[in-house]
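# Remarks on the overall topology
Read off the chains here:
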Amino acid sequence: MLLDHAVVVNRHPSRRAVFRLSAGVMAAFREALDNRGFTEIQTPKIVASATESGANVFKIDYFGRPAYLAQSPQFYKQIMVGVFQGVYEVAPVFRAEPHDTTRHINEYVSLDVEFGFIENHFTVMALLREVLAHIFGRLAERYAPELALLNAQMPVVPGQIPAIHFADAKELVFQLHVAAQKGVDERGEPDLSPQEERWLGEWAQREHNSDFLFVTGYPMRKRPFYTHADPARPDYSNSFDLLFRGTELVTGGQRLHRYEDYLAALSKANLPTAPFESYLEAFRYGMPPHGGFAIGSERLLMQLLGAPNLRQTTLFPRDLNRLTP
């Protein structure tokens, strides 16, 4: 009922408050990066090739040629690091994934960052921590009435967010929950399930008094071809997810930056080079070590407000069944 009649329901003070906070998140995100000399960019949302894979993109007819709605600005924001060194974008992204869950929708606002001359993914994690601290600080400072109306429990962003390697996280979950309950051993899986994320969030709160937890070093087989491998453990990546109150909020990491490494990575993934020629050109002529991250704006609000469904923090949601209003 709320979604069907959102054009009227959104006039209610509690609904207005959610979207005032949404505006505040975007404004604070921009402010944090402008203050650090980053340049805001806007990249195409109609693209010639899929960013991650061809299985979860919306294909469209572009004057008789196949094209796709962009899954992310990943390729373009990397290219622009060669122009401005540090860039960001606030824009919609599109995922043709047939999810029907409380935490997924098919169009959402992504807060993307990419920047150069990093040491590794820990440099990226440090910037992410600063950006989040700025966002939550600005919300507390400028949107107190809205936060009070919605009974929001504001998090404290630690000076250093606790981190755990993916392999250690899997083992921890197994020892604390699976082994004791004689459950299914999923230590060989290359990703965390939503339940495992919740358990890790509870552990971070209990052991570190933190609403946030970095999980680093996801297996390379789970990450896109442009992800930089861990030099010490090549089966794992220089990447991370940030969990906020037991739910994945941010994905990021270090990217490959050498042209030859891209050719090898595409070959290993059995991907042709032709669809990526314009992307690869940036690396052919030199790119600094770089990395970045993407925050889901609606999911950030969902976790901040304790909303049971992502659709409650999305202005006009688009999912498997909804194209209106």
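Keep in mind it's a predicted model, so treat the numbers as computed, not measured. (Residues numbered from 1 in each chain as written. Predicted model: local features only at pLDDT ≥ 70, side-chain atom pairs only at ≥ 80, totals over all residues. Heavy atoms only, no water.)

Looking now at the overall build of the protein chain. Helix and strand counts for the protein chain come out as 10 helices and 13 strands. For 325 residues, the compact-globule estimate of 2.2 N^0.38 gives 20 Å, and the protein chain sits close to it at 20 Å. The principal-axis extents of the C-alpha atoms in the protein chain amount to approximately 55 × 55 × 40 Å. Considering the protein chain as a whole, with its 325 residues, one finds that 51% of them fall into the buried category. Within the protein chain, contacts between residues at least 6 apart in sequence are counted, and of these 70% link residues at least 24 apart. Counting every atom, the protein chain has about 15700 Å² of accessible surface; 53% of that belongs to carbon and sulfur. (Helix = DSSP H or I, 4+ residues; strand = E, 2+ residues; numbered from the N terminus. Rg over C-alpha atoms; globule rule 2.2 N^0.38 Å. Buried < 20%, exposed > 50% of the residue type's maximum accessible area, 1.4 Å probe, protein only. Contact = heavy atoms within 4.5 Å. Areas by Shrake-Rupley, 256 points an atom, 1.4 Å probe, with all protein chains shown as cover.)

Below, the discussion takes up the environment of Ala 17. For Ala 17, the location among the structural elements is in helix α2 (residues 13–34). Taking the relative accessible area as the measure of exposure, Ala 17 reaches 3% and is therefore buried. For Ala 17 and Tyr 259, which are 242 residues apart along the polypeptide, the C-alpha to C-alpha distance reads 47 Å. Discounting residues that sit within four places of it in the chain, Ala 17 has contacts with Glu 146, Leu 149 and Leu 150.

Moving on to the side chain of Asp 112. Within the secondary structure layout, Asp 112 lies in strand β6 (residues 107–116). Those residues in contact with Asp 112 that sit more than four places away from it in its chain are Phe 29, Pro 73, Lys 77, Val 87, Tyr 88, Glu 89, Phe 293 and Ala 294.

Moving on: the sheet that holds β6. Backbone hydrogen bonds hold the strands of a sheet together, and the pairing may be parallel or antiparallel. Read across the sheet, eight strands follow the order β1-β5-β6-β13-β12-β11-β8-β7 without closing on themselves; strand pairing throughout is mixed. The sheet terminates laterally at β1 (39–40) and β7 (163–165), the two strands that pair on one side only. With six bridges joining them, strand β11 (residues 239–244) and strand β12 (residues 247–254) adopt antiparallel strand pairing. Across the sheet, the residue bridging to Asp 241 is Thr 251, located in β12. (Pairing = 2+ DSSP bridges.)

Cis geometry marks the peptide bond from Thr 324 to Pro 325, where omega comes out at 0°. On the secondary structure map, Pro 325 appears in the segment after α10 (297–305). Although it is not a glycine, Gln 85 sits at a positive phi angle of roughly 75°. The topology assignment puts Gln 85 in the loop between α3 (74–84) and β5 (86–94). Looking at Gln 85, the relative accessible area reads 41%, which means it is partly exposed. For Asn 209, which is not glycine, the phi torsion reads 50° and is therefore positive. With respect to the secondary-structure elements, Asn 209 resides in the loop between α7 (194–208) and β8 (212–216).

Our next topic: the nonpolar core. For soluble globular proteins, the rule of thumb is that nonpolar side chains tend to be buried together. Formed by 44 residues in total, the largest nonpolar core has its most connected members in Phe 29, Val 113, Leu 128, Phe 136, Leu 139, Phe 293 and Ile 295. Phe 136 has contacts with Met 154, Pro 155, Val 157, Phe 212, Phe 244, Leu 300 and Leu 304, leaving out every residue within four places of it along the chain. Membership of the second largest hydrophobic core comes to 16 residues, among which are Val 173, Val 178, Trp 203 and Ala 204. (Core = buried A, V, L, I, M, F, W, Y, C linked by side-chain atoms within 4.5 Å.)

Two elements in contact, α2 and helix α4 (residues 121–142), have axes separated by 9 Å at closest approach and are oriented at 135°. The angle between α2 and α4 falls in the class oblique. Note that α2 runs across α4; the crossing there is right-handed. Touching Leu 21, Gly 24, Val 25, Ala 28, Phe 29, Glu 31, Ala 32 and Leu 33 of α2 are Leu 127, Val 131, His 134, Ile 135, Arg 138, Leu 139 and Arg 142, all from α4. Considering only residue class, the contact of α2 with α4 consists of 10 nonpolar, two polar and three charged. (Axes fitted to C-alpha atoms, helices over the stretch in contact; angles between N-to-C directions. Parallel < 35°, antiparallel > 145°, perpendicular 65-115°, else oblique. Left-handed = near helix turned anticlockwise from the far one by under 90°. Nonpolar A, V, L, I, M, F, W, Y, C, P; charged D, E, K, R; others polar.)

The sheet built from three strands is open, its strands ordered β2-β4-β3 with antiparallel pairing. Of all the strands in the sheet, the pair left with one neighbour each is β2 (46–47) and β3 (59–62). Pairing analysis gives two bridges linking β2 to strand β4 (residues 65–69), with the strands arranged antiparallel. Paired with Ile 46 across the two strands is Leu 69, which belongs to β4.

When two helices pack together, their arrangement is given by the angle between their axes and by how far apart the axes lie. Relative to each other, α2 and α10 sit at 125°, their axes nearing to 10 Å. Relative to α10, the element α2 lies oblique. In terms of crossing hand, the pair formed by α2 and α10 is right-handed. Here Val 18, Leu 21, Ser 22 and Val 25 of α2 come into contact with α10, specifically with Ser 297, Leu 300, Leu 301 and Leu 305. Classifying every residue of the contact of α2 with α10 gives six nonpolar, two polar and no charged.

Nonpolar side chains collect at one region of the surface, where Val 7, Val 8, Leu 315 and Phe 316 lie side by side and expose about 350 Å² of accessible area between them. Positionally, Val 8 belongs in helix α1 (residues 6–9). (Patch = residues over 30% accessible without salt bridge, like charges linked within 9 Å, V, L, I, M, F, W, Y side chains within 5 Å. Salt bridge = Lys/Arg side-chain N within 4 Å of Asp/Glu carboxyl O.)

Bringing the pattern of salt bridges into the picture now. What the rule picks out here adds up to 20 salt bridges. With a shortest N-O distance of 3.6 Å, Asp 191 and Lys 222 are connected by a salt bridge. Here Asp 191, found in the loop between α6 (166–181) and α7, pairs with Lys 222, found in the loop between β8 and β9 (229–230); they are 31 residues apart in sequence, far enough to count as distant. Between Asp 241 and Arg 223 there is a salt bridge; the shortest N-O distance is 3.3 Å. Taken together, the positions of Asp 241 in strand β11 and Arg 223 in the loop between β8 and β9 put the pair 18 residues apart, joining distant regions of the chain. Exposure remark for Asp 241: the relative accessible area of 2% places this residue in the buried category.

Keep in mind these values describe shape, not function.
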